[in-house]
Amino acid sequence: MNGVLRSVNRVLLGLIGLVLLVLGGSVLAIGLGAPSPSWWIHRDRHDVLLTTAERTKWRDQGWWWPVVFAVLAVLVVLALWWLTRSVQRHRLSVVNVDTGDDEGAALRARALEGSVASEAADLDGVERVRVRLTGRRRTPRVRMRVRLEPDADPGLTLDRLTNETLAHARAAVGTTSLPSEIRMRAHAHRAERVS
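Residues numbered from 1 in each chain as written. Predicted model: local features only at pLDDT ≥ 70, side-chain atom pairs only at ≥ 80, totals over all residues. Heavy atoms only, no water.

> I'd like a rundown of the packing of helix H4 (residues 109-121) against helix H5 (residues 154-173), residues and numbers included.
Angle between the axes and distance between the axes: these two values describe a pair of packed helices. At a closest axis distance of 10 Å, the pairing of H4 and H5 adopts a crossing angle of 155 degrees. With respect to their mutual orientation, H4 and H5 come out roughly antiparallel. Considering the relative orientation of H4 and H5, their crossing is right-handed. Note on element contacts: H5 touches H4 through Leu-161, Glu-164, Thr-165, His-168, Ala-169, Ala-172 and Val-173, opposite Leu-112, Val-116, Glu-119 and Ala-120. Of the residues that constitute the contact of H4 with H5, the class distribution is 7 nonpolar, 2 polar and 2 charged. (Axes fitted to C-alpha atoms, helices over the stretch in contact; angles between N-to-C directions. Helix = DSSP H or I, 4+ residues; strand = E, 2+ residues; numbered from the N terminus. Parallel < 35°, antiparallel > 145°, perpendicular 65-115°, else oblique. Left-handed = near helix turned anticlockwise from the far one by under 90°. Contact = heavy atoms within 4.5 Å. Nonpolar A, V, L, I, M, F, W, Y, C, P; charged D, E, K, R; others polar.)

> Summarise a nonpolar patch on the surface; cite the residues concerned and give the values.
A surface patch of nonpolar side chains, amounting to about 900 Å² of accessible area, comprises Leu-13, Val-74, Val-76, Leu-78, Leu-80, Trp-81, Trp-82, Leu-83 and Val-87. It is helix H3 (residues 64-87) that provides the largest number of residues to the nonpolar patch, a total of 8 residues. By the secondary structure assignment, Trp-81 is in helix H3. (Patch = residues over 30% accessible without salt bridge, like charges linked within 9 Å, V, L, I, M, F, W, Y side chains within 5 Å. Areas by Shrake-Rupley, 256 points an atom, 1.4 Å probe, with all protein chains shown as cover. Salt bridge = Lys/Arg side-chain N within 4 Å of Asp/Glu carboxyl O.)

> Account for the nonpolar core, naming residues and giving values.
With 22 residues, the main nonpolar core has Val-129, Val-131, Leu-133, Val-142, Met-144 and Val-146 as its most contacted residues. Looking at this core, the elements that each hand over two or more residues are H4, strand S3 (126-135), strand S4 (140-148) and H5. The dominant element in this core, judged by the number of residues it contributes, is H4, at 5 residues. Filtering out sequence-adjacent residues up to four positions away, Val-146 remains in contact with Val-126, Arg-128, Val-129, Leu-161, Ile-182, Arg-183, Met-184 and Arg-185. (Core = buried A, V, L, I, M, F, W, Y, C linked by side-chain atoms within 4.5 Å. Buried < 20%, exposed > 50% of the residue type's maximum accessible area, 1.4 Å probe, protein only.)

Right, dumping it as structure tokens:
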């Protein structure tokens, strides 16, 4: 998510939260006995949000309920889409490489992911590797999921991943810092039958 979308997201969340806080707080205050202004929706603590006449006004119209359900369905789909876009970590497409001059170069993130994954897969005890670059173009982050063979030494594998594989990736990008998250899982082997 780029900076403009992130800012819009935060502003909208803040406004929605503020409106909900004001409405909920006012309903709570009036329910506890606070006086309400003459223009407010609620008059006193026994007032309801919608009267019976307001609730049943459009009930006999054939178009009312399909429209209500369609609007609610669209709102739910939009809310789910927004939630997944907010939570999801986006994959980088390009990484900026510091070449020493002030111009730099662009490296395809998938090429770097493939290089890191193939080098990590060649290590002893590694069965499968998945690598994903996240973060920003100038400050990429590495997320690595490693599946170990049953007889692998996790400490040795982690040491080689950080000191060899990720060191080569840092050199390729031209940075001294490449934040990384490595998740290792051992491949479960079947129990041997003892006779």
